[in-house]
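# Architecture and fold: a report
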Protein chains: 2
Amino acid sequence: MSTGSPVGSHRVVNPAGALPQAAERLDPDPEIADDEVRIAIERLNLDAASFRQLRTAHGGDGAAVRAEVLDIVQRRGKMHNPVTGSGGMLIGTVDAVGPRSPLGLKVGQKVATLVSLTLTPLRITDGLAAWDGASEQVPAEGHAILFGRSIAAVLPADLPEPVALAVLDVCGAPALVRRVVARRPHAATTVAVLGAAGKSGSLSLAAARDAHAATVLAVVRTEDEAARLRGTGLADRITVADATDPLGLAEAVTAALDGRGADVTVVCVDVPGCEHGAILATATGGTVVFFSMATSFPAAALGAEGLAADVEMLIGNGYVPGHADYALHLVDSHPALAELFTTRVGEPEEAR
Amino acid sequence: MSTGSPVGSHRVVNPAGALPQAAERLDPDPEIADDEVRIAIERLNLDAASFRQLRTAHGGDGAAVRAEVLDIVQRRGKMHNPVTGSGGMLIGTVDAVGPRSPLGLKVGQKVATLVSLTLTPLRITDGLAAWDGASEQVPAEGHAILFGRSIAAVLPADLPEPVALAVLDVCGAPALVRRVVARRPHAATTVAVLGAAGKSGSLSLAAARDAHAATVLAVVRTEDEAARLRGTGLADRITVADATDPLGLAEAVTAALDGRGADVTVVCVDVPGCEHGAILATATGGTVVFFSMATSFPAAALGAEGLAADVEMLIGNGYVPGHADYALHLVDSHPALAELFTTRVGEPEEAR
């Protein structure tokens, strides 16, 4: 047994020198290196974009979708949809822990992986016999491998599993929001969350409050979403605006914040075209945190330049140490959050 | 005469509600609002991607390229290449200044616009008669409009115009690098600049030094580029590595920095696929600043998550207050920089 590369490059079959995510094919050999962990899998959660593509490509034929997922995993050694480039996450039970694994896991623990399936070595052994190909929740037998630098969270006993998974899926957002808000130099920080009624959005509201923001503004698309948030205590103010309409959004945010832009604007709206509105809605010297995977790098960079906007723009890193525990803690402390997540389970996942 | 929108939305003909950059068509009426400025244009600098596309589309036929540029400007009221989505910049002389313009310009000053041509109202009156269609430098007569929030820099008298333009084209990079390095909590900050022999790269080296970085590391692709930098005093250390090879790059940077990743990594390499290498080359708690327009937002976001990398990732905003003066000041203070820029004038511009 040898020590692997902490980022898993020893599992890359081809092309040589690639990291696991960029690789065409990984080696899912069940024998682990001494810093790896093997998971006995129970269920894959395909990401929404991937499942939609597969279902559309096969005209809704579940058996054909199942056959293609099996084929991808067989060919690539990972569930990495070659069309969408996306994966998903999985849950299972810790089956073996190498003596040098830094992840702190124990055999028998039930865990969710927080790194994408696009870089997780995977072998399926039951032909996905228990899956009808009609849902992104895929019961499965087989195993997956975690590297030294992978991330997995032990599932909490006190939360329904689908709710816990939905929370873990977006847990990077509240941790980063807390950090960004907490380090602002002034006490009276205002935070605007675009897409505030969604999963990453509602957690971001709670994190902003937790980091002692002076005013937390929820921006939502519809009156219906506003109604979901009212009375929850998650936001100080709620406004309805279209994040893809730059001038309309900036006006709505400024009006809700007594004539100023937000010090921190958090973008959780998973549709293209929110960059310019988010920039315009942010005060000079403020920060925009982009969590939406629909964010365009050039639109943000050239947009800020074209608007002469002195704002800092962060790419929402899905990893912040302690992010899983922090998100679960927020849900634990805010019954309204648990309720929001429970009603949203079964609705489409945000793309990630 | 009325006050315009500071972001120029009053000049948008269609679609309604769009910002000038996203607009299909702008109104280049020479009559200015009282916060606008009119420029008598002298020369357009088409951006490299746009000019390459035009030349290729017309098989190198200069007259056809000229006709298409005229047609675009006539149709759209701006030089916004509909295929590449890019523009360029222009130089000219201040012709009229509205009484409420905040830009501080005076009639008769020679200026370069620092906002993209994709959002600058433009009318051409000489049919581009002095241009052969064979170069991205386009002599032109006509006028352009600057809004309240536009940016223009007065051209310095002591620098050849092509050198000054090349410096101004990338002037956002050194200003942001200075800010990011200067606010690091510890004194012994290490900075790695990828693509350090290029225009934004070499300015970033000088800015890192100016912000009192403890060690400035230049990372270049070839021995030839390393030779250009040697003896200039711009970098403390120089290493040759391919920024698109993540593991190779991380190893080279770590080796050059005595076994640690960089506290600040600056990405100035304008080819796709540098995200994962930059992340891996950065120390925990460090910052990656992406200036390359070839940066992929999802590759950066999912890459950092997949590598469990606790690094902050910034979208390189091309606007920081004072950026033009700061970049010109750096060139003034470092003869080696002026020399590097002089040799690079005539080479392809970095895409922006």
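All values reported here derive from a predicted model rather than from experimental measurement. (Residues numbered from 1 in each chain as written. Chains lettered and ligands numbered in written order. Predicted model: local features only at pLDDT ≥ 70, side-chain atom pairs only at ≥ 80, totals over all residues. Heavy atoms only, no water.)

## Observations concerning the overall build of chain A
Check the secondary structure of chain A and you find eleven helices and 15 strands. A compact globule built from 352 residues should have a C-alpha radius of gyration of about 20 Å, and chain A, at 21 Å, falls within 12% of that. Counting across all 352 residues of chain A, residues that qualify as buried make up 59%. Considering only residue pairs separated by 6 or more positions, chain A has 70% of its internal contacts joining residues 24 or more positions apart. For chain A, the distance from the average site of its 28 positive side-chain charges to the average site of its 41 negative ones is 3 Å. (Helix = DSSP H or I, 4+ residues; strand = E, 2+ residues; numbered from the N terminus. Rg over C-alpha atoms; globule rule 2.2 N^0.38 Å. Buried < 20%, exposed > 50% of the residue type's maximum accessible area, 1.4 Å probe, protein only. Contact = heavy atoms within 4.5 Å. Lys, Arg positive; Asp, Glu negative; His and termini not counted. Charge placed at Lys NZ, Arg CZ, Asp CG, Glu CD.)

## With respect to the relation of the copies chain A and chain B
Least-squares fitting of chain A to chain B yields an RMSD of 0.0 Å, with the transformation described by 0.0 Å of translation along the axis and a rotation of 180°. Both copies are brought into coincidence by an operation consistent with a two-fold rotation axis. Considering only C-alpha atoms, the part of chain A nearest the rotation axis is Leu314 of chain A, at 2.4 Å. Interface overlap between copies: 100% of the residues of chain A at the interface are likewise at the interface in chain B, consistent with a symmetric, same-surface contact. (Least-squares fit on C-alpha atoms with pLDDT ≥ 70 in both.)

## As for helix H4 (residues 172-182) of chain B
Taken across its eleven residues, H4 of chain B has eight buried, putting it largely inside the fold. Those residues of H4 of chain B lying buried are Gly172, Ala173, Pro174, Ala175, Leu176, Val177, Val180 and Val181 of chain B.

## Some points on the nonpolar core
Counting 121 residues, the largest nonpolar core has Leu168, Leu205 and Leu229 of chain A together with Leu168, Leu205 and Leu229 of chain B as its most contacted members. In this structure, Leu229 of chain A is in contact with Ala196, Ala197, Leu205, Ala218, Val220, Leu234, Ile238 and Leu340 of chain A, ignoring residues within four places of it in sequence. Among the nonpolar cores identified, the runner-up in size contains 70 residues, and Ala192 and Ile315 of chain A together with Ala252 and Met293 of chain B belong to it. (Core = buried A, V, L, I, M, F, W, Y, C linked by side-chain atoms within 4.5 Å.)

## As for the confidence of the model for chain A
Residue and element names in this part refer to chain A. Confidence in the prediction for chain A averages 92 pLDDT; 97% of positions are at 70 or higher. pLDDT under 50 marks residues 348-352. Its contacts with residues more than four places away, or in other chains, come to 23 contacts. Scored by ipTM, the complex comes to 0.89, with pTM at 0.89. (pLDDT = per-residue confidence, 0-100.)

## Notes on the pattern of salt bridges
A full pass over the atoms with the stated rule returns 34 salt bridges over all chains. Put simply, Asp34 of chain A and Arg100 of chain A hold a salt bridge, and the shortest N to O gap is 3.9 Å. Of this pair, Asp34 of chain A sits in the loop between strand E2 (25-26) and strand E3 (37-46) while Arg100 of chain A sits in the loop between strand E4 (88-97) and strand E5 (110-113), placing them 66 residues apart in sequence. Residue class for Arg100 of chain A comes out exposed when judged on its relative accessible area of 58%. Between Arg11 of chain B and Glu36 of chain B there is a salt bridge, and its shortest N-O distance comes to 2.7 Å. One end of the pair, Arg11 of chain B, is in the segment before strand E1 (12-14); the other, Glu36 of chain B, is in the loop between strand E2 (25-26) and strand E3 (37-46), and 25 residues separate them in sequence. Residues Arg11 of chain B and Glu36 of chain B agree in their burial class; the two are buried. If you follow the salt bridges from partner to partner, you end up with Glu42, Arg43, Lys110 and Glu161 of chain A in one network. (Salt bridge = Lys/Arg side-chain N within 4 Å of Asp/Glu carboxyl O.)

## Section: the environment of Ser5 of chain B
You can see Ser5 of chain B is positioned in the segment before E1. Setting aside its immediate chain neighbours within four residues, Ser5 of chain B contacts His10, Asp35 and Phe147 of chain B.

## A closer look at the packing of aromatic side chains
All chains considered together, the criterion is met by zero aromatic pairs over all chains. Over the ring of Tyr326 of chain A we find Arg178 of chain A; its NZ or CZ atom is 3.7 Å from the centre of that ring. (Phe/Tyr/Trp six-rings, centres within 6.5 Å; stacked < 30°, edge-to-face > 60°. Lys NZ or Arg CZ within 6 Å of the ring centre and 35° of its normal.)

## Overview of the environment of Ala256 of chain A
All names here are of chain A. Assignment of secondary structure puts Ala256 in helix H7 (residues 246-256). In this structure the C-alpha to C-alpha distance between Ala256 and Ile238, which are 18 residues apart in sequence, comes to 7.9 Å. Residue contacts for Ala256: discarding those within four places in its chain leaves Leu217, Arg237 and Thr239.

## Describing the interface of chain A and chain B
The interface of chain A with chain B comprises 45 residues on the first partner and 45 residues on the second. Approximately 4,300 Å² of surface area, both sides summed, lies buried where chain A meets chain B, with 62% of it carried by carbon and sulfur atoms. If you sort the residues of chain A by the area they bury against chain B, Phe297, Glu305 and Ile315 of chain A come out on top, with a joint share of 18%. For the interface between chain A and chain B, the tally reads four salt bridges. Here chain A is connected to chain B by twelve residue pairs in polar contact (both at pLDDT 80 or more). Only H7, helix H8 (275-280), helix H9 (297-306) and strand E15 (312-315) of chain A provide two or more residues apiece to the side of chain A that touches chain B. Here the side of chain A that touches chain B takes nine residues from H9 of chain A, the largest share from any one element. (Buried area = accessible area lost by both parts, 1.4 Å probe. Polar contact = N/O pair within 3.5 Å; in protein donor to acceptor, adjacent residues only side chain to side chain.)

## Describing the side chain of Thr120 of chain A
Residue and element names in this part refer to chain A. Position of Thr120 relative to the elements: it lies in the loop between E5 and strand E6 (122-124). For Thr120, a relative accessible area of 2% translates into the label buried. Sequence-distant contacts of Thr120, that is, excluding residues within four places in its chain, are made with Leu26, Gly77, Lys78, Leu90, Val115, Ala144 and Ile145.

## A word on the packing of H4 of chain B against helix H5 (residues 199-210) of chain B
Residues and elements named next belong to chain B. The N-to-C vectors of H4 and H5 enclose an angle of 30°; their axes lie 8 Å apart at closest approach. On the basis of their axis angle, the class for H4 and H5 is roughly parallel. The element H4 and its partner H5 pack so that their crossing is right-handed. Here H4 contributes Ala173, Pro174, Val177, Arg178 and Val181 to the contact with H5, which in turn contributes Ser200, Leu203, Ser204, Ala207, Ala208 and Asp210. For the contact of H4 with H5, the class distribution of residues is seven nonpolar, two polar and two charged. (Axes fitted to C-alpha atoms, helices over the stretch in contact; angles between N-to-C directions. Parallel < 35°, antiparallel > 145°, perpendicular 65-115°, else oblique. Left-handed = near helix turned anticlockwise from the far one by under 90°. Nonpolar A, V, L, I, M, F, W, Y, C, P; charged D, E, K, R; others polar.)

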